[in-house]
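# Remarks on the overall topology
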Amino acid sequence: MTARTDRPHIMTPEHFEEAARILDRLEEGARLELIDGKIRSKPLPDGNHGRIIQWLTRICLQHRPELWLHHQRLKVQTHRKGRAHPDGSLAPSGAFGGEGEWADPEPVMMTVGVTSHDSDTERRHRVEKPRVYAETGIPLYLLINRKSCQVSVYSEPEGGRYEHVHTVSFGKPLHLPDPVDITLDTEPLKDWVG
């Protein structure tokens with residue numbers, strides 16, 4: 001007889017949300033996500049991670065003052081069965097008013113991921129997140145990879161994947177295509193690698 005713990009458990013979004021609320025109060029060092037029915041844990045951001053988000057927020061406000069880089073949990077994947085916690089979600093400034101803890105991603109123009117220093121950050125940010133956000137129909141995914149010192153913009157979601165990925169090294173300009181239409185000077189990112 002197989003032990004109950006040997007079988008994979010696919011969690012419903014409702015059960016996940018309740019578990020995440022409880023664990024958020026208990027666990028100070030991690031955030032939870034539900035991807036493909038499986039719980040994923042990611043560490044809380046460090047100081048340089050926060051500086052990168054500040055830098056990006058400032059740029060977005062300068063070029064597109066009607067937008068805001070929200071720190072909002074999103075319902076993702078086909079039929080909204082997943083729950084993701086992007087490092088940032090670029091959307092109109094009032095986009096999530098009246099939404100609950102896990103918001104509909106419809107107004108999101110771009111999600112942002114900044115890598116951390118945990119062991120599965122590569123898999124999460126370079127494989128799972130682009131697929132999940134493309135599946136959801138989010139136009140752009142911006143990945144700031146501190147380990148490789150590169151910035152990538154994923155665009156043109158189609159059939160559960162992004163059709164185009166453009167990557168540059170820190171220090172080179174990167175254009176974020178429509179619907180964002182901002183060019184980033186990535187030179188400052190060199191100071192926040194660690």
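Keep in mind that this is a model prediction, so the values were computed, not measured.

So, on to unusual backbone geometry. A cis amide bond, omega 15 degrees, links aspartate 178 with the succeeding residue proline 179. Turning to its location among the elements, proline 179 is positioned in the loop between strand 12 (173-176) and strand 13 (182-185). Notably, cysteine 149 is not glycine yet its phi reads approximately 55 degrees, a positive angle. By the element assignment, cysteine 149 lies in the loop between strand 9 (140-145) and strand 10 (150-158). Here cysteine 149 falls in the partly exposed class, since its relative accessible area comes to 28%. Residue glutamate 156 is not a glycine yet carries a positive backbone phi of 60 degrees.

What follows deals with the pattern of salt bridges. The full count for this structure, using the stated rule, is 5 salt bridges. Between glutamate 135 and arginine 131 there is a salt bridge, and its shortest N-O distance comes to 3.6 Å. With glutamate 135 and arginine 131 both in helix 3 (residues 121-136), this residue pair falls 4 residues apart, about one helical turn. Overall, arginine 131 belongs to the partly exposed group, its relative accessible area being 26%. Ionic pairing is found between arginine 161 and glutamate 163, a salt bridge with its closest N-O pair at 3.7 Å.

Within strand 6 (residues 88-92), 4 of the 5 residues are buried, which leaves the element mostly enclosed by the surrounding structure. Taken together, the 3 bridges between strand 6 and strand 8 (residues 110-114) define a ladder with antiparallel strand orientation. Directly across from serine 89, in strand 8, lies its bridge partner threonine 111.

A few words now on the nonpolar core. Ranked by size, the top nonpolar core spans 27 residues in total, and within it Trp55, Leu142, Ile144 and Leu176 carry the most contacts. Elements represented by at least two residues in this core include exactly helix 2 (47-63), strand 3 (67-70), strand 8, strand 9, strand 10, strand 12 and strand 13. Examining the composition of this core, we find that 6 residues originate from one element, helix 2, more than from any other. Other than its neighbours up to four places away in sequence, tryptophan 55 contacts Ile144, Leu184, Asp185, Thr186, Pro188, Leu189 and Trp192. If you look at the next biggest cluster of nonpolar residues, it comprises 15 residues, including Ala84, Val108, Val132 and Leu143.

Thresholds applied
- In every chain, residue numbers begin from 1 and rise along the written sequence.
- In view of the model being predicted, local features appear only for residues whose pLDDT reaches at least 70, and side-chain atom pairs are presented and counted only at 80 or more, with totals across whole chains, interfaces and linings using the full set of residues.
- With hydrogens and water excluded, all non-hydrogen atoms of the structure serve as input to the side-chain values.
- Helix and strand labels come from DSSP, where a helix needs a run of H or I of at least four residues and a strand needs a run of E of at least two; each type is numbered from the N terminus.
- Here the term buried applies to any residue with accessible area under 20% of the maximum for its type, exposed to any over 50%, and partly exposed to those in between, with areas from a 1.4 Å probe on protein chains only.
- Salt bridges, as used here, are contacts in which a Lys or Arg side-chain nitrogen is within 4 Å of a carboxyl oxygen on Asp or Glu.
- The pairing criterion is simple: DSSP has to find at least two bridges between the two strands.
- The set of buried Ala, Val, Leu, Ile, Met, Phe, Trp, Tyr and Cys residues whose side-chain atoms join them within 4.5 Å is what this entry labels a nonpolar core.
- Contact criterion: two residues are considered in contact whenever any of their non-hydrogen atoms come within 4.5 Å of each other.

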